[in-house]
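Take a look at the letters that make up each chain.
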Amino acid sequence: MGKVSSKFLLLDSNGDPVTADIINDYFASTCKAHPPLQNTPANSAVSEIPVIEIHQTRLKLENLDTNKSVYPGDIPTKLSVKCAPYLSVPRTAIFNQCFVDGIFPVCFKRAIMSPTPKNKTPKVPSDLRPISKTSIFSKIFESFIYYFLFDDIQDKINPSQFGLRPNHSTTHCLCSILDTVFKHLELSISYVEAVFADISKAFDNLDHQTVTDNARALGVRDFVLCMVASFLSDRDQFVVLPNGDSSGFT
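Residues numbered from 1 in each chain as written. Predicted model: local features only at pLDDT ≥ 70, side-chain atom pairs only at ≥ 80, totals over all residues. Heavy atoms only, no water.

Quick look at the nonpolar core
Under the convention used in this document: Note on terminology: a nonpolar core comprises buried Ala, Val, Leu, Ile, Met, Phe, Trp, Tyr and Cys residues joined through side-chain atoms within 4.5 Å. Throughout this description, buried means an accessible area under 20% of the type-specific maximum (1.4 Å probe, protein chains only), exposed means over 50%, and partly exposed covers the range between. Here a helix means four or more residues in a row that DSSP labels H or I, a strand means two or more in a row labelled E, and each is numbered from the N terminus. Whether two residues are in contact is decided by their heavy atoms, any of which lying within 4.5 Å being enough.
If you look at the biggest cluster of nonpolar residues, it comprises 27 residues, and the most contacted ones within it are Phe95, Phe99, Ile140 and Phe141. Of all elements in the fold, only helix H4 (84-101), helix H6 (136-153) and helix H9 (222-232) reach the threshold of two or more residues within this core. With sequence-adjacent residues up to four places away left out, Phe141 is seen in contact with Phe95, Cys98, Phe99, Phe104, Pro105, Phe108 and Met227.

Regarding H9
With eight of its eleven residues buried, H9 lies for the most part within the structure. Among the residues of H9, Phe223, Val224, Leu225, Cys226, Met227, Val228, Ala229 and Ser230 are the ones counted as buried. Check the buried side of H9 and you find it contacts H4, helix H5 (106-109), H6 and helix H8 (208-217). Just downstream of H9 lies Asp234, where phi reads positive at about 55 degrees.

Section: the pattern of salt bridges
Rule in force here: Should a side-chain nitrogen of Lys or Arg be within 4 Å of a carboxyl oxygen of Asp or Glu, the pair is scored as a salt bridge.
All chains considered together, the criterion is met by seven salt bridges. The salt bridge involving Asp236 is made with Arg110; its shortest N-O contact spans 3.3 Å. Taken together, the positions of Asp236 in the loop between H9 and strand S3 (237-241) and Arg110 in the loop between H5 and strand S1 (111-117) put the pair 126 residues apart, joining distant regions of the chain. The class of Arg110 is partly exposed, set by a relative accessible area of 33%. The salt bridge involving Asp151 is made with Arg221; its shortest N-O contact spans 3.8 Å. Of this pair, Asp151 sits in helix H6 while Arg221 sits in the loop between H8 and H9, and the two are 70 residues apart along the sequence. A network of salt bridges, in which partner residues are shared, links Asp151, Asp152 and Arg221.

Examining the side chain of Asp152
Within the secondary structure, Asp152 sits in helix H6. In contact with Asp152, other than residues within four places in its own chain, are Leu218, Gly219, Val220, Arg221 and Val224.

Looking at the side chain of Thr212
Considering the arrangement of structural elements, one finds Thr212 in helix H8. Take Thr212: its relative accessible area is 2%, and that puts it in the buried class. When residues no more than four places from it in sequence are discounted, the contact partners of Thr212 are Leu37, Leu225 and Ala229.

Quick word on the layout of surface pockets
Selection criterion: A pocket, in this scheme, is an open set of points on a 1 Å grid over the protein atoms alone with protein on both sides within 12 Å along at least 5 of 7 lines, while a cavity is a set where a 1.4 Å probe fits but cannot get out; residues line either one if an atom lies within 4 Å of a point. Grid points are joined across faces, edges and corners, and a volume is the space filled by probe spheres set on the points.
One number sums up the size of the second largest pocket: a volume of about 300 Å³. Forming the walls of the second largest pocket are Leu64, Asp65, Lys68, Ser69, Val70, Tyr71, Thr77, Ser132, Lys133, Thr134, Ile136 and Lys139. Among the secondary structure elements, those contributing two or more residues to the lining of the second largest pocket are strand S2 (128-133) and H6.

Details of the sheet that holds S2
What counts here: Whether two strands pair depends on DSSP finding at least two bridges between them. Lines fitted to the C-alpha atoms define the axes, with helices restricted to the stretch that makes contact. Angles between their N-to-C directions range from 0 to 180 degrees.
Spatially, S2-S1-S3-S4 is the arrangement adopted by the four strands of the open sheet, whose pairing is mixed. Two strands lie at the open edges of the sheet, namely S2 and strand S4 (244-245), each paired on one side alone. Bridge count for S1 against S2 is six bridges, and the pairing is antiparallel. When the sheet's bridge partners are listed, Pro117 is paired in S2 with Leu128. Sheet contacts for helix H1 (residues 20-31): S1, S2, S3 and S4; angle to S3, the most-contacted strand, approximately 140 degrees.

A look at the packing of aromatic side chains
Applied cut-off: Between rings of Phe, Tyr and Trp, where Trp is taken as its six-membered ring, a pair exists when centres lie within 6.5 Å; planes separated by under 30 degrees are stacked, by over 60 edge-to-face, and by other angles tilted. Criterion for a charge above a ring: Lys NZ or Arg CZ within 6 Å of the ring centre, and within 35 degrees of the ring normal.
Taken as a whole, this structure holds 14 aromatic pairs when the rule is applied. A ring pair is formed by Phe95 and Phe144, whose centres lie 5.9 Å apart and whose planes are at 55 degrees; its orientation type is tilted. Placement of Phe95 in helix H4 and of Phe144 in helix H6 is noted, with a sequence separation of 49 residues between them. Among the aromatic residues, those joined into a ring-pair cluster are Phe95, Phe99, Phe104, Phe108, Phe141, Phe144, Tyr147, Phe148, Phe223 and Phe231. Seen from the ring of Phe144, Lys60 lies directly overhead, with NZ or CZ sitting 5.0 Å from the centre. For the cation-ring pair, Arg235 lies above Phe231, with the distance from its terminal atom to the ring centre recorded as 4.2 Å.

Focus: the packing of H6 against H9
For clarity, the threshold we go by: Roughly parallel means an angle under 35 degrees; roughly antiparallel means over 145; roughly perpendicular covers 65 to 115; every other angle is labelled oblique. Should the near helix be turned counterclockwise from the far one by less than a right angle, the crossing is left-handed, whereas a clockwise turn marks it as right-handed. The classification used treats Ala, Val, Leu, Ile, Met, Phe, Trp, Tyr, Cys and Pro as nonpolar, Asp, Glu, Lys and Arg as charged, and all other residues, Gly among them, as polar.
At a minimum axis separation of 10 Å, H6 and H9 run at an interaxial angle of 130 degrees. Taken together, H6 and H9 sit at an angle that is classed as oblique. For the pair H6 and H9, the sense of crossing is left-handed. Counted together, Phe141, Glu142, Ile145, Phe148, Leu149 and Asp152 of H6 and Phe223, Val224, Met227 and Phe231 of H9 form the full contact between these two elements. Grouping the constituent residues of the contact of H6 with H9 by class yields eight nonpolar, no polar and two charged.

Okay, structure coming up:
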């Protein structure tokens, strides 16, 4: 069999494609650098947990992007949009029960990973960026968790943080930097120095216990902490490549 050549594949020293299992093991290893959560947060009283309404789930279903690819085994997106009035009822019941139980369902956490190169000539697994795909209903559930989480911390976020905030972007960040620079350069007794840092695998290397402890310190409610802790625990992933998929979820 001839050599397989693709910009989406890594080749070993013999010129053969690196298997999906090897890449999957590498991606999984970055999540195993820190110990699992030791102190799982206690859930809030049921009376303190907000109830998701059917119309909220329906609205999210109706606004799904039908151009995006579908997670294997998912209901086709167009069908989900058309059937939103019917699908929203059982899904809302599931979401609310998940919050009461403090459990993020395992089936919602399973991710299909599609590696993409970080550079033009990837040579090792660290040159690949894992693009994760989860189910439609997982994304909808995550959006509710995000809403409650952001509601708890939005007044505590530094105004100079532009990433991961609604109505903020890298453009706003650049404008802020330039504004500060020009203001200082207009002063005859002032000068400007800047330090830019790019932290490799910043999110992958976060200690999960530190994340939940800091979230609690910021005033995040217990039922949200429970969902975050559950989401970060016992996750499975599966890698797909043009020359074959990994042997199973890791």
